[in-house]
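Listed here are the chains, written in short residue letters.
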Amino acid sequence: MTASATKRIVCAGITTLDVIYALDQIPTVPLKFRSSHMTTSGGGLAGNAATACARLGARASLVARLGDDPFAGLMIDELERDGVDCTLVRRCPGHRSPVSAVIVDRNGERLVVSYSDPDIPSDTGWLPGDILRDADACYAETRWIEAALALLPLARAAGIPSVLDADRRPTHPEVLTLASHVGFSAPALRDWTGIDDLAVALAHAAKGAANVLLVTDGAHGAWYMEDGAVRHAPAFPVRAVDTLGAGDTWHGALAVALADGRPLGRAVRFANAAAALKCTEFGGRKGMPSRERVDALLAGA
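It should be emphasised that the depicted structure is a prediction, and the values quoted were computed from it without experimental measurement.

## Digging into the overall build of the protein chain
So, point 1. Check the secondary structure of the protein chain and you find eight helices and 13 strands.
So, point 2. Against the globule reference of 19 Å for 301 residues, the protein chain gives a C-alpha radius of gyration of 18 Å, in line with a compact fold.
So, point 3. When its C-alpha atoms are laid out on the principal axes, the protein chain stretches across 55 × 45 × 45 Å.
So, point 4. Out of the 301 residues belonging to the protein chain, those deemed buried represent 53%.

Written out as C-alpha cells, the structure reads:
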C-alpha cells in the first residue's frame with residue numbers, strides 16, 4: 001500500500017463531459033471535417049484533478065455542481081468507477097451540466113469549446129461545515145470561485161496543504177493568497193504579471209507572498225519558488241498524443257504528493273511525471289496514469 005492510499009483529498013470546482021475528436025490539425029476555416037478518432041470522457045479542472053488523485057491511489061472526494069440532465073448521470077457514473085466520492089456533487093434542478101467539444105491535433109495540442117450554465121447556483125451554503133474533516137489536502141480552482149473562497153481558508157485553519165489551480169486570472173484576486181500552493185498556467189501568470197519570461201514573472205509574483213507559487217508550461221516543465229529562489233523542474237520527454245487534461249493531472253498529482261509529505265522539489269517532479277504520462281494516450285482523462293506507472297517513470301529517470 002502506498003502512502004497516498006491512506007490520504008483523503010477534497011477537490012472543488014467544475015466537472016464536465018468532453019466529446020473529443022482527433023484531427024490532423026486544428027481547423028482554421030468553416031468547413032466540414034472528418035475525425036479519425038472520437039471518444040467521450042469526463043473532463044473539467046476539478047473533475048480531472050479528483051480523478052488524477054484517485055488514479056494515483058488517494059481517496060478523492062469531489063465537490064461540484066451539475067444540472068439535472070442525462071449528462072450529469074454519465075459524469076457521476078464515470079467518476080465513481082474511478083473511485084471518486086461524489087456525495088457532494090450537487091444536481092441543480094432546471095439547470096444544464098457543463099459540456100465541451102474538443103479537437104486534438106496530431107501533435108497532441110487541443111482546441112476546447114466549452115459550455116457552462118451561467119445561471120447554475122454558485123452559493124456554497126449547502127456544504128457541510130466539516131467538509132475537510134479527516135482530509136489531508138484540498139484542491140480548488142477558478143471556475144467555481146465561491147467554492148475556492150469557502151474551502152481554502154478551512155484548509156489553512158486545518159493545517160493541511162491546499163492547491164489552487166490558477167489557470168486563468170481569478171475574478172476574486174484575493175483567492176491567490178488563500179492557498180498554500182498556487183499553480184499558475186503560463187498564460188495566466190503572463191496575464192497576471194505582464195511579464196513574458198516565466199521565471200522572471202514568477203519571482204515578481206512571489207514578492208511578498210506568504211505561500212508557494214508555481215507555474216507550468218507544458219513540455220518546458222515547471223518553475224517554482226523555494227527559499228526565495230526560482231527553481232526549474234524539466235518535463236519528462238514523451239511523445240505527446242493528447243495534452244487535454246495534462247494541467248489538471250499535474251495539479252491533482254501535486255496535491256497527492258503534498259498530502260504524502262514530499263518535499264516541494266520532489267512533489268513537483270512527481271506532478272511532472274504524472275502529467276507527462278497523461279499526454280501519451282488519446283482521450284483526455286482516459287490517459288491519466290496509475291501510481292505504479294508514475295513510480296516506474298520516476299525510478300527509471
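Back to the write-up after that little detour.
## Describing the packing of helix H7 (residues 264-278) against helix H8 (residues 291-300)
So, point 1. Remark: H7 packs on H8, axes separated minimally by 9 Å, with the N-to-C direction vectors making an angle of 115°. Considering their axes alone, H7 and H8 lie roughly perpendicular with respect to each other. Considering only the axes of H7 and H8, their crossing is right-handed. In contact with Arg269, Phe270, Ala273, Ala274 and Leu277 of H7, H8 contributes Arg291, Arg293, Val294, Asp295, Leu297 and Leu298.
So, point 2. By residue class, the composition of the contact of H7 with H8 is seven nonpolar, no polar and four charged.

## Thoughts on the environment of Val212
So, point 1. Turning to its location among the elements, Val212 is positioned in strand S11 (residues 212-216).
So, point 2. When the C-alpha atoms of Val212 and Gly13 are compared, they prove to be 21 Å apart, with 199 residues separating the residues in sequence.

## Looking at the pattern of salt bridges
So, point 1. Enumeration according to the criterion identifies 11 salt bridges in this entry.
So, point 2. Here Asp123 makes a salt bridge to Arg90, at a shortest N to O gap of 3.7 Å. In this pair, Asp123 sits in the loop between strand S7 (110-115) and strand S8 (137-141) while Arg90 sits in strand S5 (residues 85-91), placing the two residues 33 residues apart along the sequence.
So, point 3. Take Asp123: its relative accessible area is 39%, and that puts it in the partly exposed class.
So, point 4. Overlapping salt bridges, with partners in common, bring together Asp260, Arg291 and Asp295 in one network.

## A closer look at the side chain of Arg65
So, point 1. Tracing the sequence through the fold places Arg65 in strand S4 (residues 59-66).
So, point 2. We note that Arg65 is buried and unpaired, the nearest opposite charge coming from Glu146 at a distance of 5.5 Å.
So, point 3. Separated by 2.9 Å, the side chain of Arg65 and the backbone oxygen of Pro121 make a polar contact.
So, point 4. Setting aside chain neighbours within four positions, we find Arg65 in contact with Gly13, Arg90, Cys92, Pro98, Ile120, Pro121, Ser122, Arg143 and Trp144.

## Some points on a nonpolar patch on the surface
So, point 1. A cluster of nonpolar side chains, Val29, Leu31 and Phe33, forms an exposed patch at the surface whose accessible area comes to about 300 Å².
So, point 2. Relative to the assigned elements, Val29 resides in the loop between strand S2 (16-22) and strand S3 (37-43).

## Here's the deal with the pairing of strand S9 (residues 162-166)
So, point 1. Most of S9 is tucked away, with five of its five residues classed as buried.
So, point 2. Pairing of S8 with S9 involves four bridges; the strand directions are parallel. Note that in S9 the partner of Ala140 across the bridge is Leu164.
So, point 3. The handedness of the S8 to S9 crossover, carried by helix H3 (residues 145-158), is right-handed.

## Structural notes on the packing of aromatic side chains
So, point 1. According to the stated counting rule, one finds one aromatic pair in the structure shown.
So, point 2. The interplanar angle of 10° and the centroid separation of 6.4 Å between the aromatic rings of Trp126 and Trp144 together place this pair among those described as stacked. Separated by 18 residues along the polypeptide, Trp126 in the loop between S7 and S8 and Trp144 in the loop between S8 and H3 bring together distant segments of the chain.
So, point 3. Classification of Trp126 as partly exposed rests on a relative accessible area of 25%.
So, point 4. Residue classification places Trp144 among the buried positions, given a relative accessible area of 0%.

## Looking at helix H1 (residues 45-55)
So, point 1. Taking burial as the measure, the 11 residues of H1 include 10 buried ones, the bulk of the element.
So, point 2. For H1, the full list of buried residues reads Leu45, Ala46, Gly47, Asn48, Ala49, Ala50, Thr51, Ala52, Cys53 and Ala54.
So, point 3. Backbone geometry just after H1 places Gly57 at a positive phi near 100°.

## Side note on the sheet that holds S9
So, point 1. Strand order in this open sheet of nine strands is S5-S4-S1-S8-S9-S10-S11-S12-S13, and the pairing throughout is mixed. The outermost strands of the open sheet, each flanked by one partner alone, are S5 and strand S13 (229-233). For this sheet, the mean angle separating the axes of adjacent strands, direction not counted, is 20°.
So, point 2. As defined by bridge partners, strand S10 (residues 181-185) adjoins S11 across five bridges and the pair is classed as parallel. Considered in S11, the bridge of His181 is made with Val212.
So, point 3. Most of the contacts of helix H4 (residues 186-193) go to S10, to which it runs at about 95°, and overall it touches S9, S10 and S11.
So, point 4. Across the sheet, helix H5 (residues 198-205) lies against S11, strand S12 (222-226) and S13, angled at about 35° from S12, the strand it touches most.

Definitions and limits used
- Residues numbered from 1 in each chain as written.
- Predicted model: local features only at pLDDT ≥ 70, side-chain atom pairs only at ≥ 80, totals over all residues.
- Heavy atoms only, no water.
- Helix = DSSP H or I, 4+ residues; strand = E, 2+ residues; numbered from the N terminus.
- Rg over C-alpha atoms; globule rule 2.2 N^0.38 Å.
- Buried < 20%, exposed > 50% of the residue type's maximum accessible area, 1.4 Å probe, protein only.
- Axes fitted to C-alpha atoms, helices over the stretch in contact; angles between N-to-C directions.
- Parallel < 35°, antiparallel > 145°, perpendicular 65-115°, else oblique.
- Left-handed = near helix turned anticlockwise from the far one by under 90°.
- Contact = heavy atoms within 4.5 Å.
- Nonpolar A, V, L, I, M, F, W, Y, C, P; charged D, E, K, R; others polar.
- Salt bridge = Lys/Arg side-chain N within 4 Å of Asp/Glu carboxyl O.
- Lys, Arg positive; Asp, Glu negative; His and termini not counted.
- Polar contact = N/O pair within 3.5 Å; in protein donor to acceptor, adjacent residues only side chain to side chain.
- Patch = residues over 30% accessible without salt bridge, like charges linked within 9 Å, V, L, I, M, F, W, Y side chains within 5 Å.
- Areas by Shrake-Rupley, 256 points an atom, 1.4 Å probe, with all protein chains shown as cover.
- Pairing = 2+ DSSP bridges.
- Right-handed = clockwise from strand over helix to strand, strands pointing away.
- Phe/Tyr/Trp six-rings, centres within 6.5 Å; stacked < 30°, edge-to-face > 60°.

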